[in-house]
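Summary of the model geometry
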Amino acid sequence: MRIVTCITSENSIETILRQYGKSLRAEFGDMIEKNSAEVSGGEGTNDLEEIAQGLPIIRIVDTLIKHAILQGASDIHIEPDEKEVRVRYRIDGMLHEAMTLPKQVRDGIIARIKVLSNLKLDEHRIPQDGRFKIEKDEVRMSFRVSVLPIFDGEKIVMRLLDESSKGMTLEMMGLMGKALESIHAQIRKPNGMILVTGPTGSGKTTTLYTIMDILNEADVNISTVEDPVEYRMPRINQTQIHPKVGLTFAAGLRALLRQDPDIIMVGEIRDNETMEMAIQAAMTGHLVLSTLHTNSAAGTLPRLLDMGAEPFLVASTANVIIAQRLVRKVCHDCSVEYKLNEKEMVALSGNYDMEKILEVIKKSDILGGGLKAKDKWGDIKLRKAKGCEQCINGYKGRNGIYEVLEIDEDIRKMISQRASSYDIETKAREKGMLTMVEDGFAKCIQGMTTVEEILRVTKE
């Protein structure tokens, strides 16, 4: 063959190799079929340890993991059924069927994963938790493993945590404009509380870790109490809570306060004892970062009062509250441009006040003057997901939509007077706060995501 010489960068070669790796999916399927045929008598007749160390099972488990890393999955679900074993990957927050394996490999796969995670092989009646690490070709992956007994065996869920990923920034996560400036100003304060709220899986922990990464300098002592410790961070003292032996969030936080910290991160405020300790810490000169499960930023304040906090204490310690959701980013290789027609506008207007949303986006600085004053929804180019080889159903990667409530003097006064979340939100919007829906539609106008995604995550 005649050799054609080209100049390229290392990154480009790696990207191409990754794309080539994705086309190996069919080959993976054949390999699993072939190896599962070699695993005979896997119904507990053989020694479990022997099966787990056997080459066919090792190959199958390695393939499942490699496959998940290639596709950028966040979780692997291995679910035994009556007749087969289903493997599903969570990619960009959505579960996708990855492959179906024959039933005879079930015990071998479970045993292999237990061996990797240092769990008891012969214990099938109670849930077990473990973790293991993979380091290969500059990929450093940490796996958190949960084994749960179910009717047809044991279900395994592995959470993948990429330790080789470069540090995130707030901008990369989708924060922009006034919201971004507010957060940067508030996290530099020496004391007070920064709360991140949203449902499970909305990226709260990632936001907190990103803030800690920004604050992680040689002259501050950052300590955390978490359940579980998601990512290992250099120079940060991370404590895993252990309720069985009495190490709860509240007990961990109490001990931490004697460790001379400057910044404290509490994984979650679940009860009023933890909440009281966090408020006390924020009052005594510490910067406290934590999360709560509420639907909006303004809804967090009444929630703290319901838990028994004194209104004047909440008013004097809260600095900023960030509410967030994750939306999938539209794939730019295959997405198509379109404009909303009348029928779509009527459907959207049933859920949202579309005219008001557009007016707010125009007034804010979030798009940097990208819209003209006379623009209507029908004039704006949006993007629609389509689907190609590079993405899943037209989406690739995720970004946050945010609501950032900065606590200023007026809002402090309202909290002290036990104002409702509606009144607090109305006041904050007067001062320029964008709601999550408005931030989401601004990202649609920028071409980052689709209207369908905003509907999916914000329709309550």
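Quick notes on the rules
- Residues numbered from 1 in each chain as written.
- Predicted model: local features only at pLDDT ≥ 70, side-chain atom pairs only at ≥ 80, totals over all residues.
- Heavy atoms only, no water.
- Helix = DSSP H or I, 4+ residues; strand = E, 2+ residues; numbered from the N terminus.
- Rg over C-alpha atoms; globule rule 2.2 N^0.38 Å.
- Buried < 20%, exposed > 50% of the residue type's maximum accessible area, 1.4 Å probe, protein only.
- 1 Å grid on protein atoms, 1.4 Å probe; cavity = no way out; pocket = protein on both sides within 12 Å on 5 of 7 lines; lining within 4 Å.
- Points joined across faces, edges and corners; volume = space filled by probe spheres on them.
- Salt bridge = Lys/Arg side-chain N within 4 Å of Asp/Glu carboxyl O.
- Nonpolar A, V, L, I, M, F, W, Y, C, P; charged D, E, K, R; others polar.
- Patch = residues over 30% accessible without salt bridge, like charges linked within 9 Å, V, L, I, M, F, W, Y side chains within 5 Å.
- Areas by Shrake-Rupley, 256 points an atom, 1.4 Å probe, with all protein chains shown as cover.
- Lys, Arg positive; Asp, Glu negative; His and termini not counted.
- Charge placed at Lys NZ, Arg CZ, Asp CG, Glu CD.
- Arc of directions from axis to C-beta.
- Contact = heavy atoms within 4.5 Å.
- Phe/Tyr/Trp six-rings, centres within 6.5 Å; stacked < 30°, edge-to-face > 60°.
- Pairing = 2+ DSSP bridges.
- Axes fitted to C-alpha atoms, helices over the stretch in contact; angles between N-to-C directions.
- Polar contact = N/O pair within 3.5 Å; in protein donor to acceptor, adjacent residues only side chain to side chain.
- Right-handed = clockwise from strand over helix to strand, strands pointing away.

**Notes on the overall build of the chain**
Counting its regular elements, the chain contains 17 helices and 15 strands. Radius of gyration (C-alpha) of the chain: 25 Å, near the 23 Å computed for a compact globule of 460 residues. Each principal axis of the C-alpha distribution contributes one length, and for the chain these read about 70 × 60 × 50 Å. The buried share of the chain, taken over its 460 residues, is 48%.

**Thoughts on the layout of surface pockets**
Of the pockets and cavities examined, the second largest pocket occupies roughly 490 Å³. Considering the residues around the second largest pocket, the lining is formed by 19 residues, among which Tyr352, Glu425, Arg429, Thr435 and Val437 are closest to the centre.

**Let's talk about the pattern of salt bridges**
A complete count under the given rule lists 29 salt bridges for this structure. We note a salt bridge from Glu163 to Lys133, for which the minimum N-O separation is 3.4 Å. Of this pair, Glu163 sits in the loop between strand S6 (153-162) and helix H6 (177-187) while Lys133 sits in strand S4 (residues 128-136); the two residues are 30 residues apart in sequence, bridging distant segments of the chain. Judged by its relative accessible area of 16%, Glu163 is buried. For Lys133, a relative accessible area of 48% translates into the label partly exposed.

**Comments concerning empty space enclosed by the protein**
Considering all chains together, one arrives at one cavity of 30 Å³ or more under this definition. A volume near 170 Å³ is recorded for the largest cavity. In terms of lining, the largest cavity is formed by 16 residues, of which the most central are Met176, Lys178, Ala179, Gly432 and Leu434. Where the lining of the largest cavity is concerned, the elements lending two or more residues are H6, strand S15 (395-406) and helix H16 (436-445). Ranked by residues supplied to the lining of the largest cavity, first place goes to H6 with three residues. Each residue belonging to the lining of the largest cavity can be placed in one class, and the counts come to eight nonpolar, four polar and four charged.

**Digging into a negative patch on the surface**
A cluster of acidic residues, Glu10, Glu14, Asp137 and Glu138, forms a negative patch at the surface. Note on placement: Glu14 falls in helix H1 (residues 10-22). Judged by its relative accessible area of 32%, Glu14 is partly exposed.

**Focus: helix H17 (residues 451-458)**
Three or more residues of H17 are buried, namely Val451, Glu453, Ile454, Val457 and Thr458. For H17, the arc enclosing every buried residue in end-on projection is 160°, short of the 170-degree limit, so these residues lie on one face. Those residues of H17 that are buried lie in contact with strand S12 (318-330), strand S13 (336-338), helix H12 (342-349), strand S14 (382-384), S15 and H16.

**Side note on the packing of aromatic side chains**
Overall, the coordinates contain four aromatic pairs when judged by the stated rule. Judged by centre distance (5.7 Å) and plane angle (85°), the ring pair of Tyr209 and Tyr231 falls under edge-to-face. A residue pair is termed long-range when its members are at least 10 positions apart, and Tyr209 in helix H7 (residues 204-215) and Tyr231 in the loop between strand S8 (222-226) and strand S9 (236-240) qualify at 22 residues. Among the residues examined, Tyr209 registers a relative accessible area of 6% and is labelled buried.

**What to know about the environment of Asn295**
Within the secondary structure layout, Asn295 lies in the loop between strand S11 (287-292) and helix H10 (300-306). Judged by relative accessible area, Asn295 falls into the partly exposed class, the value being 46%.

**Regarding the sheet that holds strand S1 (residues 75-80)**
Neighbouring strands of a sheet are bound in pairs by backbone hydrogen bonds; such pairs are parallel or else antiparallel. As summarised here, the arrangement of the six strands in space is S3-S2-S1-S6-S5-S4, forming an open sheet in which the pairing is antiparallel. In this open sheet, the two strands that pair with only one neighbour each are strand S3 (94-102) and S4. The sheet shows a mean angle of 20° between the axes of neighbouring strands, taken without regard to direction. Pairing geometry for S4 and strand S5 (residues 139-150), over nine bridges, is antiparallel. In the sheet register, Lys136 faces S5, and the bridge partner there is Val139. The strands touched by helix H5 (residues 106-116) are S1, strand S2 (84-91), S3, S4, S5 and S6; relative to S6, the strand with the most contacts, the crossing angle is about 45°.

**A short note on the side chain of Glu123**
Within the secondary structure, Glu123 sits in the loop between H5 and S4. A distance of 3.0 Å separates a polar atom in the side chain of Glu123 from the backbone nitrogen of Arg125. Aside from chain neighbours lying at most four places away, what touches Glu123 is Lys114, Gln128 and Glu154.

**Here's the deal with the pairing of strand S10 (residues 263-266)**
In regular strands, side chains alternate between the two faces of the sheet. Alternating residues of S10 divide into Ile263 and Met265 and Ile264 and Val266, and every residue in both groups is buried. Pairing geometry for S8 and S10, over four bridges, is parallel. Bridge pairing in S10 places Thr224 opposite Met265. Pairing of S10 with S11 involves four bridges; the strand directions are parallel. Directly across from Ile264, in S11, lies its bridge partner Val288. Remark: the S10/helix H9 (residues 272-283)/S11 crossover connection has right-handed handedness.

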